[in-house]
Amino acid sequence: MSVEKKLHIGCFDCVYPGWINTDITPHIFISKFPGLPFVLHRSKVLSNQRYQQHQQGIFSKVEYLDVGKKFPWPNETFSCAYTSHMMEHLYRETALNCISEVFRVLKKGGIFRVVVPDLDEMIKSYDPQDPEFFLTGFFEANEKLEKNRHHWHYNEKLLRKILLNTGFQEVIRCNYKEGRLPEVEVMDNRPNSLFMEAIK
């Protein structure tokens, strides 16, 4: 009996057993060199938290995946895919490529759960008397690295349109820790978000 393969995209340090956990974090490469985390920690490049995570072997369980390129798996490899608070960090064209590639590597009937900040809720918090505060949070402008900033946002209507245009047959808005995705009660960890599931 074949084991169902499950893809976790943009996991960073949230590594789940039974899933192929992927990211682009440089910690993946740091983990490949024994002693390097210790040196970087002593040099105050790695925080105590990140050093402890390296000691626990967390990043050694993460596979590198650039979602702007073709995924390194054949068509119809996975039964499901999950991403949380990663899509908003991508430029629009990169996000479209990622969704297209997820569709390609999912089996027919496979589930893709996307979790992102809810654009509609974000707009509600806009105060015209203090636009700088809103924009800083909207784009995560205080982040030093571009990959950690926000480049695009989604509401239910836009995300549904993109998923349907990609070829998904059914797109459903879900609640926190509820849905068809296996282990959704474990995977979800950002309650105030937009949760969408698309079925291939």
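Residues numbered from 1 in each chain as written. Predicted model: local features only at pLDDT ≥ 70, side-chain atom pairs only at ≥ 80, totals over all residues. Heavy atoms only, no water.

Another aspect to go through is the overall build of the protein. Each helix and strand in the protein was counted, giving 8 helices and 7 strands. Computed over C-alpha atoms, the radius of gyration of the protein comes to 18 Å, within 12% of the 16 Å expected from 2.2 N^0.38 for 200 residues, which places it in the range of a compact globule. A principal-axis box enclosing the C-alpha atoms of the protein has dimensions of 60 × 50 × 30 Å. Taken over 200 residues, the protein has a buried fraction of 44%. Taking the intrachain contacts of the protein between residues at least 6 apart in sequence as the baseline, contacts between residues at least 24 apart amount to 70%. Carbon and sulfur atoms make up 54% of the accessible area of the protein, which totals about 11,400 Å². One way to put it: in the protein the 26 positive side-chain charges average out to a point 6 Å from where the 25 negative ones average out. (Helix = DSSP H or I, 4+ residues; strand = E, 2+ residues; numbered from the N terminus. Rg over C-alpha atoms; globule rule 2.2 N^0.38 Å. Buried < 20%, exposed > 50% of the residue type's maximum accessible area, 1.4 Å probe, protein only. Contact = heavy atoms within 4.5 Å. Areas by Shrake-Rupley, 256 points an atom, 1.4 Å probe, with all protein chains shown as cover. Lys, Arg positive; Asp, Glu negative; His and termini not counted. Charge placed at Lys NZ, Arg CZ, Asp CG, Glu CD.)

For the pair helix H4 (residues 92-105) and helix H7 (residues 156-166), the least separation of the axes is 10 Å and the interaxial angle reads 50 degrees. Judged on the interaxial angle alone, H7 and H4 are oblique. The chirality of how H4 crosses H7 is right-handed. Counting all contacts with H4, which are made through Leu96, Ile99, Ser100 and Phe103, the residues of H7 involved are Ile162, Leu163 and Thr166. By residue class, the composition of the contact of H4 with H7 is 5 nonpolar, 2 polar and no charged. (Axes fitted to C-alpha atoms, helices over the stretch in contact; angles between N-to-C directions. Parallel < 35°, antiparallel > 145°, perpendicular 65-115°, else oblique. Left-handed = near helix turned anticlockwise from the far one by under 90°. Nonpolar A, V, L, I, M, F, W, Y, C, P; charged D, E, K, R; others polar.)

A word on the nonpolar core. Core analysis: the largest hydrophobic core is formed by 30 residues, its most contacted members being Leu7, Phe71, Met87 and Phe112. Among the secondary structure elements, those contributing two or more residues to this core are strand E1 (6-9), strand E4 (78-84), H4, strand E5 (106-116), H7 and strand E7 (194-199). Broken down by element, this core gets its largest block of residues, 5 residues, from H4. Filtering out sequence-adjacent residues up to four positions away, Leu7 remains in contact with Trp19, Ile20, Thr22, Phe71, Trp73, Phe78, Cys80, Ala81, Tyr82 and Val105. Judged by nonpolar contacts, the second largest core, of 12 residues, contains Trp19, Ile111, Cys174 and Val184. (Core = buried A, V, L, I, M, F, W, Y, C linked by side-chain atoms within 4.5 Å.)

So, about the packing of aromatic side chains. Scanning all chains against the criterion turns up 11 aromatic pairs. Judged by centre distance (5.0 Å) and plane angle (80 degrees), the rings of Phe103 and Phe168 are edge-to-face. In this pair, Phe103 is assigned in helix H4 and Phe168 in the loop between H7 and strand E6 (170-174), connecting sequence segments 65 residues apart. Of the aromatic side chains, those joined through ring pairs into one cluster are Tyr126, Phe134, Phe138 and Phe139. (Phe/Tyr/Trp six-rings, centres within 6.5 Å; stacked < 30°, edge-to-face > 60°.)

Take helix H3 (residues 48-55) next. Every buried residue belonging to H3 is among Arg50, Tyr51, Gln53 and His54, and all of these are buried. Along H3, the residues classed as buried sweep out an arc of 160 degrees about the axis, all on the same side. Across H3 from its buried face, at more than 90 degrees, point the exposed residues Asn48 and Gln55. Contacts made by the buried residues of H3 are with helix H1 (27-30) and helix H2 (36-42). (Arc of directions from axis to C-beta.)

Within the open sheet, the 7 strands sit side by side as E3-E2-E1-E4-E5-E7-E6. Their pairing is mixed. Each edge of the sheet is formed by a strand with only one pairing partner; in this case those strands are strand E3 (63-64) and E6. The pairing of E1 with E4 spans 4 bridges and is classified as parallel. Following the sheet pairing, Leu7 is matched in E4 by Ala81. (Pairing = 2+ DSSP bridges.)

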